[in-house]
Number of protein chains: 2
Amino acid sequence: MTTSPPLGIGIDFGGTSVKCGVVSGAEVIALADRLETDDYPDAGSLIDAMAATVESLRKAHSGIAAVGIGMPGFVDFDSGLVHNLSNVPGWAGIPLRDEFAKRCDLPCQVENDANAMAYAEWKLGAAKGCSHVVALTLGTGVGGGIISHGIFIRGAKSAAGELGQTSIHWEGRKGAYGNLGALEDYIGNNELAAEAQFAYARRRIEKTLAECQPAALAEAASAGDGIALAIWEDAARKLASGLVDCCYLLNPEIIVIGGGVSQAGNLLFAPLEEFLFSQLSGPFKDGLRIVPAHFGNEAGIIGAARLSLEEAGVV
Amino acid sequence: MTTSPPLGIGIDFGGTSVKCGVVSGAEVIALADRLETDDYPDAGSLIDAMAATVESLRKAHSGIAAVGIGMPGFVDFDSGLVHNLSNVPGWAGIPLRDEFAKRCDLPCQVENDANAMAYAEWKLGAAKGCSHVVALTLGTGVGGGIISHGIFIRGAKSAAGELGQTSIHWEGRKGAYGNLGALEDYIGNNELAAEAQFAYARRRIEKTLAECQPAALAEAASAGDGIALAIWEDAARKLASGLVDCCYLLNPEIIVIGGGVSQAGNLLFAPLEEFLFSQLSGPFKDGLRIVPAHFGNEAGIIGAARLSLEEAGVV
């Protein structure tokens, strides 16, 4: 006789929509209709809708033991408080876990979305079995999660792992929190597109920002476009600088890279490895692996669900 | 009846000399004559002399239970291997703990010197009782140690915590390990002196490098010298950039700063706090403290001894 594994619900709260899925092990076995954040006038009504979605998933699937929510912003994991969200207004200082508990009697955890992704890669994906991990996700924003000595590093206020906010230039661009030279402000989707548009313009080549998005830049570079190739090399140099810091501070054994920008594959990974390894001393590069993420878009749902199941003590 | 605490020997291996002391709790109760590294033709003969010093300290003090050695370079704490020392030739790939064990039957630990300092501050000094600590020491080099969730962070190859090698500029100065923009290459003693000499020269003021050392710069700044003040402010900006990375990655509750350069006091600490806090979002700055180190020159001896006693299970 086999027993089925406990099920969890993972919620991936994005900049424009909220996805809820039922997770079994490393798989999303059911996905509810997305909730569009614009359809809800305030945090409370969106939390109502999230809780209702969870309840309907529970009716369709027995054995759901916990729910985890990944949020795109600074989150206090311990208290379940959402400090603020970068791209969704009305979400400052929301005690999300407490609000959710009022509506739904499942054990609930609230975590930063990149941390949820990192958790999925650590427990079930590319870094499974590793004790010293730096995971990052490259998209509109740059986020990350850190595991050291087999512990998920959250820090004093449960907000650690914000790789995108680390600085690559002490006198650099001023970011969202007054910080200078934040990695995210150099290699986020929009920054790459703007850099590319500028580089093309200097050669008198007219491109829209849509034509300069990472996927288009990857295609152009693969076809031998020198400007697109240079953009990827430049992005790799900047990313390497951010990762140099992670390596000298944390001495990881593996770096996992996911998110849309990482789909450029070797256009990014090959120069990244070169620039990173050329800046590391022996014990920091010996045995170090840089690998693509195992999970794609579902990483956040899977990681949030897994985290909630572990915190509930059922896996 | 009181029992005396177990004693440890701490060895602080510096760029030019080696200091050995007997430690009781947070105090160095006896110090042996220094060994000058130049007096010894190779690592083996210096290890002989270190072991002989330890034996003579043991004869004079009963109850010594362990010996810890802090080394100025990359060290694998787990294996006791010294990868290399920045400023002492002949010390690449030395299995120091094993070599010491051949000469001396005390439990022995080998650690990076800045880690030993961080350990002393965490267990007995300015960060006592804290679980999330970044400690750094500012001198000729810049070193550090990290505690997160109550664990001393060593990483996959036991080499973590190298704050001085983290980058503050992705296209910056090329450092000892090929790394670009290393913090140490901007705010180390010699860098500060060179920056100051340059700034004075531009105003046609002739200064020797000796006149531009941190202690002299602190004195000049305290007397209102605008150039010296600007050097300290500039150093604070660069150091803040390195610490911004530590904060976003690790979310510490306390940052402890020691070493000779830190003796500039508020000339460094006041602008540092301003530049750092202005770059941190809520959960990263709420409750964060930046404090001077409790221990001075003896931090390395005390930390190495304490570490060895804890590893031996006697404290």
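Computed from a predicted model, the values in this text were never measured in an experiment.

Attention now goes to the overall build of chain A. Of the regular secondary structure elements, chain A holds 10 helices and 13 strands. Compactness check: chain A gives a C-alpha radius of gyration of 20 Å against a globular reference of 20 Å for 315 residues, within 12% of the reference. If you line up chain A on its principal axes, its C-alpha atoms span 60 × 45 × 40 Å. In chain A, which comprises 315 residues, the share counted as buried stands at 58%. In chain A, 61% of the contacts between residues at least 6 apart in sequence involve partners at least 24 apart. Accessible area of chain A: about 12200 Å², with a carbon and sulfur share of 47%. Seen as two clouds, the 22 positive and the 37 negative side-chain charges of chain A have centres 2 Å apart.

So, on to empty space enclosed by the protein. Empty space among the atoms becomes visible once a probe the size of a water molecule is rolled across them. Residues and elements named next belong to chain A. Inspection of the entire model under this criterion finds four cavities of 30 Å³ or more. The space that makes up the largest cavity amounts to roughly 50 Å³. Lining of the largest cavity is provided by Gly73, Phe74, Val75, Asn112, Asn115, Gly144, Ser158, Ala159, Ala160, Gly161 and Glu162. If you tally residues by element for the lining of the largest cavity, the top one is strand S6 (residues 73–76), at three residues.

If you walk through the whole model with that rule in mind, you get 15 aromatic pairs over all chains. Taking 4.9 Å as the distance between ring centres and 65° as the angle between the ring planes, the aromatic pair formed by A:Phe13 and A:Trp91 counts as edge-to-face. On the criterion of sequence distance, the pair formed by A:Phe13 in strand S1 (residues 7–13) and A:Trp91 in the loop between strand S7 (81–85) and helix H2 (96–103) is long-range, its members being 78 residues apart. With centroids separated by 5.6 Å and ring planes inclined at 45°, the aromatic side chains of B:Tyr119 and B:Phe152 adopt a geometry described as tilted. Placement of the pair is B:Tyr119 in helix H3 (residues 113–124) and B:Phe152 in strand S11 (residues 151–152), with a sequence separation of 33 residues. Here the two residues B:Tyr119 and B:Phe152 agree in accessibility, since each one is buried. The rings of A:Phe74, A:Tyr177, B:Tyr248 and B:Phe284 are connected pair by pair, giving a single aromatic cluster. Note that A:Lys123 overlies the ring of A:Trp122, its terminal NZ or CZ placed 4.4 Å from the centroid.

With that settled, consider the relation of the copies chain B and chain A. Note on the copies: chain B fits chain A at an RMSD of 0.0 Å, the axial shift is 0.0 Å, and the rotation between them is 180°. Put plainly, the chains are arranged around a two-fold axis. Within chain B, B:His169 has its C-alpha nearest the rotation axis, a separation of 2.1 Å. A share of 98% of the interface residues of chain B reappears at the interface of chain A, consistent with the copies meeting face to face through the same patch.

What links the strands of a sheet is backbone hydrogen bonding, and the strands pair in either a parallel or an antiparallel sense. Residue and element names in this part refer to chain B. Within the open sheet, the five strands sit side by side as S11-S10-S9-S12-S13. Their pairing is mixed. A strand with exactly one partner marks an edge of an open sheet, and here the two such strands are S11 and strand S13 (289–292). Pairing of strand S10 (residues 142–148) with S11, which is carried by two bridges, proceeds in the antiparallel orientation. Paired with Ser148 across the two strands is Ile151, which belongs to S11. Contacts between H3 and the sheet are confined to strand S9 (133–138), S10, S11 and strand S12 (254–258), with S10 contributing the most and set at about 45° to the helix. Strand contacts of helix H8 (residues 266–277): S9, S12 and S13, with the helix running at about 160° to S13, the strand carrying the most contacts.

All names here are of chain A. Split by domain assignment, chain A resolves into domain 1 (7–118 + 298–311) and domain 2 (129–292). Each of domain 1 and domain 2 has a C-alpha centre, and the two are 27 Å apart. At the interface, 15 residues of domain 1 touch 17 residues of domain 2. Here domain 1 meets domain 2 over a buried area of about 1200 Å², counting both sides, of which 56% is carbon and sulfur. When residues of domain 1 are sorted by the area they lose upon contact with domain 2, Phe74, Asn115 and Met117 head the list and together hold 43% of the total. Inspection of the domain 1/domain 2 interface yields one salt bridge. The salt bridge involving Glu111 is made with Arg154; its shortest N-O contact spans 2.7 Å. Across the contact surface, domain 1 and domain 2 share three residue pairs in polar contact (both at pLDDT 80 or more).

Rules of the game
Residues numbered from 1 in each chain as written. Chains lettered and ligands numbered in written order. Predicted model: local features only at pLDDT ≥ 70, side-chain atom pairs only at ≥ 80, totals over all residues. Heavy atoms only, no water. Helix = DSSP H or I, 4+ residues; strand = E, 2+ residues; numbered from the N terminus. Rg over C-alpha atoms; globule rule 2.2 N^0.38 Å. Buried < 20%, exposed > 50% of the residue type's maximum accessible area, 1.4 Å probe, protein only. Contact = heavy atoms within 4.5 Å. Areas by Shrake-Rupley, 256 points an atom, 1.4 Å probe, with all protein chains shown as cover. Lys, Arg positive; Asp, Glu negative; His and termini not counted. Charge placed at Lys NZ, Arg CZ, Asp CG, Glu CD. 1 Å grid on protein atoms, 1.4 Å probe; cavity = no way out; pocket = protein on both sides within 12 Å on 5 of 7 lines; lining within 4 Å. Points joined across faces, edges and corners; volume = space filled by probe spheres on them. Phe/Tyr/Trp six-rings, centres within 6.5 Å; stacked < 30°, edge-to-face > 60°. Lys NZ or Arg CZ within 6 Å of the ring centre and 35° of its normal. Least-squares fit on C-alpha atoms with pLDDT ≥ 70 in both. Pairing = 2+ DSSP bridges. Axes fitted to C-alpha atoms, helices over the stretch in contact; angles between N-to-C directions. Domains from an automatic or database assignment. Buried area = accessible area lost by both parts, 1.4 Å probe. Salt bridge = Lys/Arg side-chain N within 4 Å of Asp/Glu carboxyl O. Polar contact = N/O pair within 3.5 Å; in protein donor to acceptor, adjacent residues only side chain to side chain.

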